[in-house]
Amino acid sequence: MDMPIHQVLSHAVLRILRPLARVLLSHGMAYGAFAELARRAFADEGFLLIERSGKRPTVSAVSAITGMTRKEVSRLREEAPDANAEAARRYSRAIRVISGWLNDSEFCAADGEPAALSQDGDVGSFSALVKRYSGDIPPAAMLSILQASNNAVIEDGRVVLKERAYIPMATPTDKINILGRDVGELIFTIGHNLEARPGERFFQRKVSNASIASAAVREFRDLSNRKSQELLEEYNAWLTRHQVDEQQESSEETAYVAVGIYYIEHSEQEQSS
């Protein structure tokens, strides 16, 4: 007999929460702080769920579907969530700068590879690159961000791109923001696919094998890193060709899209947990 849906859901949620709890505990977040965030998430999604159903989202209605008191829902509704918009802004702009460096011919060498750029100048310089792709972040600030993440270095007075994949390293805040952004997007995709019709589902696949020889793991890790980076760069080039220039007025509607690839390895004992 099939397991009751709530039992299956509980098991799935626990598998999500255990690695999350590991991260939270290692960074000093106690259960009470997490519980408050969970309450906020339920309240926010409760209002959205009722609104999407075409009904008026009231505190009483949200209280009924979430199991929280009306006083608690009201408090969460009135309090502004604590958000780190500055870290998200740096992340987005750094990715755009690297993307322009890889795909804009003005900043590429004759062989199509990203060129070593002079720091200043109106054309083909790091300053020109940043002004075109980073919005209002100054070139010096963007250089510091890319140096901190080991993406760029200064060699012989020119800025050289060393790493194409941007992974924030400047502060723990920048790195932790990836947790919320990327895991949230993956869960959003899975949730969408649980409810969508076959023709409207988002792509969501993975390949795995629980019986790989330990001696071959490093070889596969290197292979997956190389192939994944190549595919993401191909996607990135396509997206760059189709993006709307934020510095030019346009009535064209825009949308956010993303494709994520991840790698994981652990022992057979961890796999069974």
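To keep things clear, this report deals only with the structure shown in the data block. Worth saying up front: this structure is predicted, and the values here are computed from it rather than measured.

Remarks on the pattern of salt bridges
At step 1: What the rule picks out here adds up to 13 salt bridges.
At step 2: Put simply, R164 and E113 hold a salt bridge, and the shortest N to O gap is 2.2 Å. With R164 in the loop between strand 3 (158-161) and helix 8 (172-195) and E113 in the loop between helix 5 (85-103) and strand 1 (117-118), the pair connects residues that are 51 residues apart, well separated along the chain.
At step 3: With relative accessibility at 28%, the residue R164 sits in the partly exposed group.
At step 4: Residues participating in the shared-partner salt-bridge network are E36, R39, R40, E72, R75 and E79.

Remarks on the packing of aromatic side chains
At step 1: Tallied over the entire structure, the rule returns two aromatic pairs.
At step 2: Across from the ring centre of F47, 3.9 Å away, lies the NZ or CZ of R77, which sits over that ring.
At step 3: If you follow R205 out to its NZ or CZ, it ends over the ring of F203, 4.8 Å from the centre.

Some details on unusual backbone geometry
At step 1: Look at N150: it is not a glycine, yet its phi comes out positive at around 65°.
At step 2: Among the secondary structure elements, N150 is positioned in the loop between helix 7 (139-148) and strand 2 (152-155).
At step 3: Residue D156 is not a glycine yet carries a positive backbone phi of 55°.
At step 4: With respect to the element layout, D156 can be found in the loop between strand 2 and strand 3.
At step 5: On the basis of relative accessibility, which here comes to 81%, the residue D156 falls in the exposed class.

Conventions and cut-offs
- Residues numbered from 1 in each chain as written.
- Predicted model: local features only at pLDDT ≥ 70, side-chain atom pairs only at ≥ 80, totals over all residues.
- Heavy atoms only, no water.
- Salt bridge = Lys/Arg side-chain N within 4 Å of Asp/Glu carboxyl O.
- Helix = DSSP H or I, 4+ residues; strand = E, 2+ residues; numbered from the N terminus.
- Buried < 20%, exposed > 50% of the residue type's maximum accessible area, 1.4 Å probe, protein only.
- Phe/Tyr/Trp six-rings, centres within 6.5 Å; stacked < 30°, edge-to-face > 60°.
- Lys NZ or Arg CZ within 6 Å of the ring centre and 35° of its normal.

Treat this as a map of the structure, not an account of what it does.
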